[in-house]
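Below are the chains, spelled out letter by letter.
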Amino acid sequence: MTDADNHPDSGNRPDTDRTETGDRPGAALLDVRDLNVVYRGSGWRRPSFHALHDVSIRIGAGETVGLVGESGSGKTTLGRALLGLAPVSSGSVTFDGTDITRAGRRARRALSRDIQVVFQDPYSSLNPAMSVESILAEPLRAQGTSRAEASVRIGELLRQIGLTADAGRRYPREFSGGQRQRIAIARALALEPRLIVCDEPVSALDLSTQARILDLLIDIQQQTGVAYLFISHDLSVVRYICHRVAVMFKGRIVETGDGAAVTSDPHHPYTRRLLMASPLPDPVRQAERRRRYAALA
Ligand SMILES: Nc1ncnc2c1ncn2[C@@H]1O[C@H](COP(=O)(O)OP(=O)(O)O)[C@@H](O)[C@H]1O
Ligand SMILES: [Mg+2]
């Protein structure tokens, strides 16, 4: 292993990061710098745990940045830190030029207009006792939107996610996993956010449904200019949707760069292993990859 391999930014090659705004100084919508998150322990049985080490990541307006890494590497922790839900011990999160690292409850409520989240499990993230209409009305009403305006907006949202207008009167249990994830996406979109943290949004869905949800997210981005932090353990999903990719390993970003470059020609040994582990549909490339994996191991 060379020194470059040890450096967290070893894969950050400016020559491949030419198109997106996130790496251009001053242009980032979201700018995370040297973020450290330490979960406090509770006595000797549960010691404190340093989950994120000096994590820096930038996302430009309208950009999709993938965050990949194995389970337990700290991806969700970073997503939660952006939402003010993780114990940040040092470093900063800046959104649109404002430091939001330690934003209080009131500031967070205002921020929920701009930063939203979609979780992995569409079964547990939607309240089963609420109709789809009330689920979508909730964020709008919380921000003071009138009933009449909310109803118009809900119609728009259902159209945008490809559900018929009568879906509003139905309940989450009446929908498939993919449709529920569409509803969760609609709820995230209700307030026209500028950034959505998507935490493994397709990981619970079957392959063909995954592809349709990814296409929906891409369409929405083209229509609205929203940016995504797209968290996934699956490199092939990230390759499909992301402009740039950051690879997380044990709480550190070990490689960042152009989506196609990182996912096809990774520099860090960990990313190479991750690439070998992600399924590719093409059997020829699959066989080739198995051969290279064997050579690496
Ligand atoms: N509330 C918590 N308290 C203590 N440790 C936590 C907490 N949440 C997550 N962790 C630990 O932090 C690490 C990163 O977790 P997480 O961010 O969920 O990873 P990922 O999303 O990549 O699977 C894991 O080792 C996990 O056990
Ligand atoms: Mg996670």
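Scroll up to find the structure this text is about.
Now for a description of the structure that goes with this document. What you are looking at is a predicted structure, and each value in this text was computed from that prediction instead of being measured.

## Considering the overall build of the chain
Within the chain, the secondary structure is distributed over 11 helices and 10 strands. Residue pairs in contact within the chain that sit at least 24 positions apart in sequence constitute 69% of those at least 6 positions apart.

## So, the packing of helix H4 (residues 132-142) against helix H5 (residues 147-160)
When two helices pack together, you describe them by how their axes are tilted relative to each other and by the distance separating the axes. At a minimum axis separation of 10 Å, H4 and H5 run at an interaxial angle of 125 degrees. Judged by the angle between their axes, H4 and H5 are oblique. Here H4 and H5 pass one another in a crossing that is right-handed. Contacts between H4 and H5 involve Glu-133, Leu-136, Ala-137, Leu-140 and Arg-141 on the former and, on the latter, Ala-150, Arg-153, Ile-154 and Leu-157. For the contact of H4 with H5, a count of residues per class yields 6 nonpolar, no polar and 3 charged.

## Regarding helix H6 (residues 177-189)
Here H6 spans 18 Å end to end across 13 residues, near enough to the 18 Å set by a 1.5 Å rise per residue. Burial within H6 is extensive, with 11 of its 13 residues counted as buried. Buried residues of H6: Gln-179, Arg-180, Gln-181, Arg-182, Ile-183, Ala-184, Ile-185, Ala-186, Arg-187, Ala-188 and Leu-189, and no others. Check the buried side of H6 and you find it contacts strand S6 (115-118), H4, H5, strand S7 (195-199) and helix H7 (207-224).

## Re the sheet that holds strand S10 (residues 252-258)
Read across the sheet, 6 strands follow the order S6-S7-S8-S3-S9-S10 without closing on themselves; strand pairing throughout is mixed. Edge positions in the sheet fall to S6 and S10, since each of these pairs with one other strand and no more. Pairs of neighbouring strands in the sheet enclose a mean axial angle of 20 degrees, with direction left out of account. Contacts from helix H10 (residues 269-277) reach strand S3 (64-68), strand S9 (244-249) and S10 within the one sheet, and its direction differs from that of S9 by about 105 degrees.

## Section: the sheet that holds strand S5 (residues 98-99)
Spatial ordering of the open sheet is given by S2-S1-S4-S5, a layout of 4 strands whose pairing is antiparallel. Either end of the sheet is taken by a strand with one partner, and the two such strands are strand S2 (49-60) and S5. Summarising the sheet, strand S1 (residues 28-39) and S2 pair through 8 bridges and their orientation is antiparallel. Bridged to Val-32 within S2 is Ile-57. Contacting S1, S2 and strand S4 (88-95), helix H2 (residues 75-82) runs over the sheet at an angle of about 65 degrees to S2.

## A few points about the site of ligand 1
If you check the shell around ligand 1, you find Tyr-39, Phe-49, Ala-51, Gly-69, Ser-71, Gly-72, Ser-73, Gly-74, Lys-75, Thr-76 and Thr-77 and nothing else. At 3 residues, the largest contribution of residues to the shell around ligand 1 is made by H2. Split by residue class, the shell around ligand 1 holds 3 nonpolar, 7 polar and 1 charged.

## A look at the pairing of S4
Looking at chain direction, S1 and S4 are connected through 6 bridges and run antiparallel. Along S4, the bridge assignment pairs Asp-31 with Thr-94. Where S4 lies against S5, 2 bridges are found, and the strand directions are antiparallel. Following the sheet pairing, Phe-95 is matched in S5 by Thr-98. Turn length for the S4-S5 hairpin, with the two strands adjacent in sequence and antiparallel, is 2 residues, and the turn residue Asp-96 shows positive phi of about 50 degrees.

Calculation criteria
Residues numbered from 1 in each chain as written. Chains lettered and ligands numbered in written order. Predicted model: local features only at pLDDT ≥ 70, side-chain atom pairs only at ≥ 80, totals over all residues. Helix = DSSP H or I, 4+ residues; strand = E, 2+ residues; numbered from the N terminus. Contact = placed C-beta atoms within 7 Å. Axes fitted to C-alpha atoms, helices over the stretch in contact; angles between N-to-C directions. Parallel < 35°, antiparallel > 145°, perpendicular 65-115°, else oblique. Left-handed = near helix turned anticlockwise from the far one by under 90°. Nonpolar A, V, L, I, M, F, W, Y, C, P; charged D, E, K, R; others polar. Expected span 1.5 Å × (residues − 1). Buried ≥ 20, exposed ≤ 12 C-beta atoms within 10 Å, placed from the backbone. Pairing = 2+ DSSP bridges. Near = placed C-beta within 6 Å.

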